[in-house]
Amino acid sequence: MKKIKVSICTGTTCYVMGASELLLLEELLPEELKDKVEIEGVTCLEKCKSTGIGNAKAPFVLVDGELVSSATVQSVIAKIEEKNA
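*Asks:* Can you walk me through the overall build of the protein in this structure?
*Replies:* The secondary structure content of the protein amounts to three helices and four strands. Across the protein, helices and strands are ordered from the amino to the carboxyl terminus as β-α-α-β-β-β-α. Relative to its length of 85 residues, the protein is compact, with a C-alpha radius of gyration of 12 Å against a globular reference of 12 Å. Based on the C-alpha atoms only, the size of the protein along its principal axes is roughly 35 × 25 × 20 Å. For the protein, buried positions account for 34% of its 85 residues. Contacts in the protein between residues at least 24 apart in sequence constitute 64% of all its contacts with a sequence separation of at least 6. Total accessible area on the protein stands at roughly 5,200 Å², and carbon and sulfur atoms take up 49% of it. When the 10 positive and 13 negative side-chain charges of the protein are each reduced to one mean point, those points stand 6 Å apart.

See below:
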């Protein structure tokens, strides 16, 4: 079974804006998702430097390649549940 890949940006801006809390995501996942998700911290997704993202803000997370901006534990779990459906 292919796991849902979650990449959390741990660059300075993202870390300060909340990625530090997102790194606890594995502990906060609902039990039924724990074995379906692979979580990694990445040095920088370089999304805060991108133009054309509109009003996207840090912290940034990729869930199976799909960008979640202004990411919170709740919004990332919601995106994982959407991918798992």
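From this point, the discussion proceeds with the structure in view.
*Asks:* Hey, could you run me through helix H1 (residues 12-22) in this one?
*Replies:* For an α-helix, the turn length of 3.6 residues means that residues three or four places apart are oriented alike. Along H1, the positions that sit buried rather than exposed are Cys-14, Gly-18, Ala-19 and Leu-22. The arc that holds the buried residues of H1, viewed along the axis, is 115°, so those residues lie on one side. In H1, the exposed positions that point more than 90 degrees away from the buried face belong to Thr-12, Val-16 and Glu-21. Looking at the buried residues of H1, the elements they touch are strand E1 (4-9), helix H2 (25-28), strand E3 (61-63) and helix H3 (73-84).

*Asks:* Quick question: what am I supposed to make of the sheet that holds E1 here?
*Replies:* By way of backbone hydrogen bonds, the strands of a sheet pair with one another, either parallel or antiparallel. Reading across from one edge, E2-E1-E3-E4 is the order of the four strands in this open sheet, with mixed pairing throughout. Across the chains shown, the open sheet's two edge strands, defined by having one partner strand only, are strand E2 (37-42) and strand E4 (66-68). Across this sheet, the average inter-strand angle for adjacent strands is 20°, counted without regard to direction. As paired strands, E1 and E3 are joined by three bridges and run antiparallel to one another. In the sheet register, Ser-7 faces E3, and the bridge partner there is Leu-62.

*Asks:* Would you explain the confidence of the model for the protein in this entry?
*Replies:* When pLDDT is low, close inspection of the predicted coordinates is not appropriate. Per-residue confidence for the protein gives a mean pLDDT of 91, with 93% of residues at or over 70. When pLDDT is averaged over each element of the protein, E3 comes out on top at 97 and H1 at the bottom at 93.

*Asks:* What's the story with the side chain of Ser-7 in this structure? I'm lost.
*Replies:* Structurally, Ser-7 is set in strand E1. For Ser-7, a relative accessible area of 7% puts it in the buried group. Looking at Ser-7, its side chain comes within polar contact range of the side chain of Glu-40, at 2.8 Å. Beyond its immediate stretch of four places on either side in the chain, Ser-7 contacts Glu-40, Val-42, Leu-45, Phe-60, Val-61 and Leu-62.

*Asks:* Please clarify how unusual backbone geometry should be interpreted in this entry.
*Replies:* If a residue is not glycine, its phi is most likely negative; likewise, a peptide bond is most likely trans. Ala-58 connects to Pro-59 through a cis peptide bond whose omega is 0°. Relative to the helices and strands, Pro-59 resides in the loop between E2 and E3. Although it is not a glycine, Glu-46 sits at a positive phi angle of roughly 60°. A positive phi is found at Ser-70, a non-glycine position, where the angle reads about 50°. With respect to the element layout, Ser-70 can be found in the loop between E4 and H3.

What counts as what
- Residues numbered from 1 in each chain as written.
- Predicted model: local features only at pLDDT ≥ 70, side-chain atom pairs only at ≥ 80, totals over all residues.
- Heavy atoms only, no water.
- Helix = DSSP H or I, 4+ residues; strand = E, 2+ residues; numbered from the N terminus.
- Rg over C-alpha atoms; globule rule 2.2 N^0.38 Å.
- Buried < 20%, exposed > 50% of the residue type's maximum accessible area, 1.4 Å probe, protein only.
- Contact = heavy atoms within 4.5 Å.
- Areas by Shrake-Rupley, 256 points an atom, 1.4 Å probe, with all protein chains shown as cover.
- Lys, Arg positive; Asp, Glu negative; His and termini not counted.
- Charge placed at Lys NZ, Arg CZ, Asp CG, Glu CD.
- Arc of directions from axis to C-beta.
- Pairing = 2+ DSSP bridges.
- Axes fitted to C-alpha atoms, helices over the stretch in contact; angles between N-to-C directions.
- pLDDT = per-residue confidence, 0-100.
- Polar contact = N/O pair within 3.5 Å; in protein donor to acceptor, adjacent residues only side chain to side chain.

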